[in-house]
Amino acid sequence: MALSGPVHTATLTDNCLVRNDWVCGEYIRTRQDEIVEALIQHVTITAISVVIGFAVALVLAVAARRWGWLRGTILGTSTALYTIPSLALFSLLFPFTGISATTVIIGLVLYSLTILVRGILTGLDAVPADVRESAVGMGYDGFRLLRNVELPLAMPAIFASLRVATVSTIALTTVGMIVNHGGLGNLINRGQSSNFHAEVLTASVLCVVLALIADALLLGLQRWLTPWRRAVSS
Amino acid sequence: MNGLLDGLGWLFDGANWGGPAGIGTRLVEHLWLTGLSMLIACAIALPIGLWLGHLGRGGTLAINISNVGRAVPTFAILALLYMTPLGLSVWTTIIALVLFAIPPILTNAYVGMREVDPDAVEAARGMGMSGGQLLRGIELPLAVPLVMGGVRLATVQVLATATLAAVISGPGLGRIITSGFGRQDLAQVVGGAIIVGVLALVVEGLMALLQRAVDPMRRARRAPPTRERDRGMPVMPDEVVSGA
């Protein structure tokens with residue numbers, strides 16, 4: 001071993017973990033398992049929340065269009081819910097669902113509704129009246145009209161809101177750490193309280209990367225689901 | 001429902017309102033933090049957004065800033081700032097609040113200016129108005145609803161982020177919730193959550209009123225048809241949405 005300094009420094013492990021560096025490959029190598037675990041929890045919570053949120057939002061949007069008086073109530077309530085800070089919303093749900101992923105998921109679903117209901121309504125409202133009339137004239141009605149004519153035409157607005165909802169849900173999931181189910185947020189919280197630079201920075205960067213990947217995937221899905229728009233844009 | 005009732009009971013107990021860690025102190029902290037951060041954020045973001053909108057340049061910048069703002073978790077920024085030399089200082093919280101208030105204000109100001117009826121702008125130019133006159137006399141008054149929509153959205157955002165600051169031992173109402181969790185006092189957790197929620201709704205309501213009150217065109221927009229009802233709402237969903 002070539003020694004550049006006194007012998008005893010060589011016996012002390014000197015690596016980026018000991019120096020508490022912000023960027024540390026050693027951290028990723030040694031804590032791989034818990035990073036992957038947090039990542040899986042993060043993705044699972046986000047995916048479940050967005051899927052449930054989308055299903056509920058679709059029902060609410062269709063109901064709002066069917067019965068006009070519901071529209072104001074639905075939009076008003078979801079906007080009010082969006083106003084409540086996440087830390088408070090999770091804490092309000094805490095007595096009912098306790099320390100569990102359910103607490104976080106219910107909160108995230110409620111937040112996503114504001115964005116998704118608005119997006120779906122915008123899309124459905126923008127379907128041209130004569131297109132709808134032609135479809136009705138061809139015998140489409142009710143569910144078939146919605147599925148085969150209105151929803152495909154509303155797809156761009158729906159996907160725009162889905163992307164926004166997914167990206168902000170990924171960011172908000174971190175706050176779930178207050179009930180121990182915040183995915184990467186758990187790592188940020190623990191790293192912050194023990195002054196562990198690499199843990200906080202790595203988890204934060206992973207959050208952003210996750211959001212970017214999800215956004216790109218949804219964009220790809222949209223392209224694939226609306227092949228007729230590719231011809232328009234190119 | 002017991003949890004909620006306990007929380008209300010905790011809130012109505014006068015003993016919890018006084019003292020250096022009481023609801024009163026935390027409420028005052030929360031409000032001045034929010035107010036100061038909003039002032040700083042407006043001072044930075046409004047001129048830039050309005051000016052870019054007036055010039056019609058930098059649109060991608062304005063939109064991208066809001067996209068990035070949405071993807072970065074507020075909690076991550078708070079934690080990272082806390083670990084810089086700023087540490088426990090109150091500026092850690094204020095910087096985080098300002099950072100997250102800028103995107104909605106900037107983007108809405110930009111979009112508000114761009115959405116001004118081009119016919120009105122052209123007519124004003126035809127009448128010989130200079131750039132400055134155009135900005136003050138035509139574009140600004142017409143852009144007010146959207147610009148204020150951004151300020152309103154930012155206020156909601158700042159209020160939420162200020163709550164989260166408690167996790168890194170920052171000031172504000174969130175401290176009631178986090179110390180409730182720390183002491184496993186469920187009534188305090190729920191009580192704190194209720195007061196934070198109520199405060200957010202009240203502030204949002206006041207901001208909505210303010211938004212309407214400062215709109216110079218509100219009389220001209222009488223009896224809006226249903227489709228127009230959302231005008232003046234923050235640009236949603238594909239432009240600006242962020243939460244904390």
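Small disclaimer: the values here were computed from a predicted structure and weren't measured.

A. Main features of the overall build of chain B. Within chain B one finds 9 helices and 0 strands. Secondary structure elements in chain B, listed N-terminal to C-terminal, are α-α-α-α-α-α-α-α-α. Looking at chain B as a whole, 48% of its 244 residues qualify as buried.

B. Focus on the UniProt feature "transmembrane region" (unreviewed entry) in chain A. Residues and elements named next belong to chain A. Within this structure's numbering, the places UniProt gives as "transmembrane region" (unreviewed entry) are residues 39-62, 74-93, 99-117, 153-180 and 200-221. Each end of residues 74-93 is marked by a C-alpha atom, and these two atoms are 21 Å apart; helix forms 90% of the span and strand 0%. Annotated as 89% helix and 0% strand, the span residues 99-117 places its first and last C-alpha atoms 29 Å apart.

C. Representation of the interface of chain A and chain B. The interface of chain A with chain B comprises 40 residues on the first partner and 39 residues on the second. Counted by class, the side of chain A that touches chain B contains 26 nonpolar, 13 polar and 1 charged residues.

D. Representation of the confidence of the model for chain A within the structure. Mean pLDDT for chain A: 90, with 93% of residues reaching 70 or above. Looking across chain A, the model is least confident in helix α1 (residues 7-11) of chain A, with a mean pLDDT of 53, and most confident in helix α4 (residues 32-66) of chain A, with 96.

E. Spatial organisation of the confidence of the model for chain B. Residues and elements named next belong to chain B. Scored by pLDDT, chain B has a mean of 86; 89% of the residues are at 70 or more. Residue range residues 224-243 is modelled with pLDDT below 50. Its contacts to residues more than four positions away, or to other chains, number 60 contacts. Note on the complex model: pTM 0.87, ipTM 0.86.

F. Structural view of the environment of T83(A). One can find T83(A) in helix α5 (residues 68-83). T83(A) gets classed as buried once you count the C-beta atoms within 10 Å, which come to 25. Once residues lying within four places of it in the same chain are set aside, the contact partners of T83(A) are V156(B), A200(B), L201(B) and E204(B).

G. How the structure looks around the packing of helix α4 (residues 74-82) of chain B against helix α5 (residues 90-114) of chain B. All names here are of chain B. Orientation of α4 relative to α5, taken along the N-to-C sense of each, is 145°, at an axis distance of 9 Å. The way α4 lies across α5 gives a crossing that is right-handed. Contacts between α4 and α5 involve T74, I77, L78, L81 and Y82 from the first element and T92, I95, A96, L99 and F100 from the second. Grouping the constituent residues of the contact of α4 with α5 by class yields 8 nonpolar, 2 polar and no charged.

H. Quick peek at the nonpolar core. Residues and elements named next belong to chain B. Residues L78, A101 and I105 are the most contacted members of the largest nonpolar core, which totals 124 residues. Looking at this core element by element, the count peaks at 14 residues for helix α7 (residues 131-164). Excluding residues within four positions of it along the chain, I105 makes contact with A41, C42, A45, L46, G49, G150, V151 and A154.

I. Representation of α5(B) in the model. All names here are of chain B. In this model α5 runs 37 Å from its N-terminal to its C-terminal C-alpha over 25 residues, within 8% of the 36 Å that 1.5 Å per residue would give. At I102, α5 shows its largest bend, some 30°, and a proline, P103, comes one to four positions later. Summarising burial for α5: 20 of the 25 residues are buried, a large majority.

J. Geometry of helix α11 (residues 197-225) of chain A. Here α11(A) spans 42 Å end to end across 29 residues, near enough to the 42 Å set by a 1.5 Å rise per residue. Among the residues of α11(A), those classed as buried are H197(A), A198(A), E199(A), V200(A), L201(A), T202(A), A203(A), S204(A), C207(A), L210(A), A211(A) and A214(A).

K. Representation of unusual backbone geometry. Residue and element names in this part refer to chain B. Phi at S169 is positive, roughly 60°, even though this residue is not glycine. Relative to the helices and strands, S169 is located in the loop between α7 and α8 (174-182). Despite not being glycine, Q184 shows a phi value in the positive range, around 55°. With respect to the element layout, Q184 can be found in the loop between α8 and α9 (186-213). Residue Q184 is classed as exposed on the basis of its 8 C-beta neighbours within 10 Å.

Rules behind the numbers
- Residues numbered from 1 in each chain as written.
- Chains lettered and ligands numbered in written order.
- Predicted model: local features only at pLDDT ≥ 70, side-chain atom pairs only at ≥ 80, totals over all residues.
- Helix = DSSP H or I, 4+ residues; strand = E, 2+ residues; numbered from the N terminus.
- Buried ≥ 20, exposed ≤ 12 C-beta atoms within 10 Å, placed from the backbone.
- UniProt positions renumbered as here; feature names shortened; annotations may be inferred.
- Contact = placed C-beta atoms within 7 Å.
- Nonpolar A, V, L, I, M, F, W, Y, C, P; charged D, E, K, R; others polar.
- pLDDT = per-residue confidence, 0-100.
- Axes fitted to C-alpha atoms, helices over the stretch in contact; angles between N-to-C directions.
- Left-handed = near helix turned anticlockwise from the far one by under 90°.
- Core = buried A, V, L, I, M, F, W, Y, C linked by C-beta atoms within 7 Å.
- Expected span 1.5 Å × (residues − 1).
- Bend = angle between axes of the 7 residues up to and from the residue.

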